[in-house]
Amino acid sequence: MNNTIYLDNAATTRVKSEVWSAMQPYFEAQYANPASSYTSAGEINAEVERARQTIAAFLGAEAREIYFTGGGSESDNWAIKGVASALKAKGRHIITSKIEHHAVLRTCEYLEKNGCEVTYLDVDDKGFVDLEQLSAAIRPDTVLISIMFANNEIGTIEPVKEISAIAHAHGVLFHTDAVQAYGHVPINVNELGIDLLSVSGHKINGPKGIGFLYIRNGVRIDPLIHGGSQERGKRAGTTNVPGIIGLAKATELAAATMDARSEYERKLRDHLIERVEQEIPYVRLNGDRERRLPNNTSFCFRFIEGESLLLLLDQFGICGSSGSACTSGSLDPSHVLLAIGLPHEIAHGSLRLTLSEENTKEEIDCTVDRLKKIVERLRSMSPLYEDFKKKEARQ
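Residues numbered from 1 in each chain as written. Predicted model: local features only at pLDDT ≥ 70, side-chain atom pairs only at ≥ 80, totals over all residues. Heavy atoms only, no water.

**Some details on the overall build of the protein chain**
Counting its secondary structure elements, the protein chain contains 13 helices and 12 strands. Taking 21 Å as the expected radius of gyration for a compact globule of 395 residues, we find that the protein chain reaches 22 Å, a close match to that expectation. Once the C-alpha set of the protein chain is aligned to its principal axes, its extents read approximately 80 × 55 × 35 Å. Put simply, the protein chain has 395 residues, and 55% of those count as buried. Considering only contacts in the protein chain between residues 6 or more positions apart, those separated by 24 or more positions represent 74%. In the form shown here, the protein chain has an accessible surface area of approximately 17200 Å², with 50% of it arising from carbon and sulfur atoms. Once the 44 positive and 53 negative side-chain charges of the protein chain are each reduced to a mean point, those two points are 2 Å apart. (Helix = DSSP H or I, 4+ residues; strand = E, 2+ residues; numbered from the N terminus. Rg over C-alpha atoms; globule rule 2.2 N^0.38 Å. Buried < 20%, exposed > 50% of the residue type's maximum accessible area, 1.4 Å probe, protein only. Contact = heavy atoms within 4.5 Å. Areas by Shrake-Rupley, 256 points an atom, 1.4 Å probe, with all protein chains shown as cover. Lys, Arg positive; Asp, Glu negative; His and termini not counted. Charge placed at Lys NZ, Arg CZ, Asp CG, Glu CD.)

Here is the structure:
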C-alpha cells in the first residue's frame, strides 16, 4: 500500500511498529499459556495484568473492571445480552438508538425474538439522540440504555454524560459503544457515569481480534462465552496474550499523543471539509460540524452513487468508504443516513473519509482534486442531474 492514500481509518488502522514489537515476543519466546502453573506462565500472566492496568488507567477505571474480548462486536453482544439475562427478573426492556452499529442493533433484534422489548430512539438531522424522548421512553421494566459514544459513519459525538445521568436517575444501567471514540477523545468512565463500555483494538493502531468490555464494579452481567475460568470467570477462552499486549501498547501510544494528534487531524479534517464544500456543488456534510470525531468526514453527493465514487477513487489509490465497513457490499443505503432524515436517493451518494496522523495536507489536496473530477464525470452521465440542471436553468 505504499502508493495508497488511506482515508478509511474508521474501518481499521495500521498496526504501529511499536505495537508489533511489543507483541512479537509473545508469539515466539514467551508463548506459554498464562493460565498454566509454571513460572514462565506466571510471568506472562503478570504482563497481561500490567496491560489491564494500563488500559484501566486510561479510562479512569480499576484494572478488575476491564475484561478482554475478541473485539467490539463481542463486547457489544456481551454487554447487552449479559445484562438482559442477568436482570430479566427486573425487566426485559432495552433502549437504544436507530443509528447504532449493527453489533448493537442486531443483538437487540435477537433479544426481541427472545422475549425482550426494545425501543429505538430517533435522532435529529445531525445524529443526536433526543434526551426528552429518551426520558419518556424509560419504563419501570427498563434495564439497559445502550447509546454509542460517537457514530462510526457520521462522527457525531453523543451527549454521553447527560444520557448516563438520565439512565441513573431512573435506576437503569448505561452501556456505550466507544469503538470509534476510544483513543481519539477523552473518556473517563467515572466522570461520565458509564456502566459498560465497548472497545476494539484495531481502531487505534492495535491488532485485530482483540478488544475489551469495561464493566463497572457491582454491575450484574451474565457471561456470553462459557468454558474455563479466564477473565475472573466471566469470559472463557484461552487468553490472547499477543493481542492484549498489543492493545495495551496501542493504548499507551494513543494516550501519549491524543491531544496533539487530535488537533492535527482536526485541522486536516476541516481543510478537507472546506475544500469539498467550496469546490463541489450539491454536497452535504453529514453529522455535526463541531461535536464530531476529529478524524471523521462524511459527505453525500447528489445525483451520483457512492459505490461508483469509491471504485473510481480506488483506481487512483485512494481508500474511503460509503459508510460502515461492516455493511460493505450492501446495496441498501446507510441506516444512519436514513435515520438522520436523508432520502434514499441522497443517502446512496455517501462518502466517508476518515483520517489519521499519518495523512498529509498534500494527500488531502490530491484527494479533493481527484474527487472533483470524479464527481463531475459521474454527474455528466446522470439523467437525474441533467434533468435537474434543465429545471434550474428554467427558473
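**Quick notes on unusual backbone geometry**
Residues other than glycine seldom take positive phi values, yet N205 does so here, at roughly 70 degrees. Note that N205 resides in the loop between β7 (196–200) and β8 (211–215). The class for N205 is buried, based on a relative accessible area of 14%.

**Structural notes on the environment of N188**
Within the secondary structure, N188 sits in the loop between β6 (173–177) and α7 (189–192). N188 sits in the partly exposed class, given a relative accessible area of 23%. Between the C-alpha atoms of N188 and A56, which are 132 residues apart in sequence, the distance is 9.8 Å. Sequence-distant contacts of N188, that is, excluding residues within four places in its chain, are made with L59 and G60.

**Describing the sheet that holds strand β9 (residues 283–285)**
Overall, antiparallel pairing links the three strands, which are arranged β9-β10-β12 in an open sheet. Taken across any chain shown, the strands that pair with only one partner, and hence form the sheet edges, are β9 and β12 (350–354). Ignoring which end each strand starts from, the neighbouring axes of this sheet average 25 degrees apart. The strands touched by helix α8 (residues 241–279) are β9, β10 (296–301) and β12; relative to β10, the strand with the most contacts, the crossing angle is about 15 degrees. (Pairing = 2+ DSSP bridges. Axes fitted to C-alpha atoms, helices over the stretch in contact; angles between N-to-C directions.)

**A word on the side chain of N296**
Along the polypeptide, N296 turns up in strand β10. Under the relative-accessibility criterion, N296 is labelled buried at 1%. Not counting residues up to four positions away in its chain, the partners in contact with N296 are N152, E153, I154, G155, R269, R352, L353 and T354.

**Focus: a nonpolar patch on the surface**
A cluster of nonpolar side chains, V15, W20 and F27, forms an exposed patch at the surface whose accessible area comes to about 290 Å². Looking at the secondary structure, you find F27 in the loop between α1 (17–23) and α2 (39–59). (Patch = residues over 30% accessible without salt bridge, like charges linked within 9 Å, V, L, I, M, F, W, Y side chains within 5 Å. Salt bridge = Lys/Arg side-chain N within 4 Å of Asp/Glu carboxyl O.)

**Section: the environment of D122**
When you line up the elements, D122 lands in the loop between β4 (117–121) and α5 (131–137). For the pair D122 and V199, spaced 77 residues apart in sequence, the C-alpha separation works out to 24 Å. Discounting residues that sit within four places of it in the chain, D122 has contacts with K98, F128, V129, D130 and Q133. Within the structure, the side chain of D122 is placed 2.5 Å from the side chain of K98, a separation counted as a polar contact. (Polar contact = N/O pair within 3.5 Å; in protein donor to acceptor, adjacent residues only side chain to side chain.)

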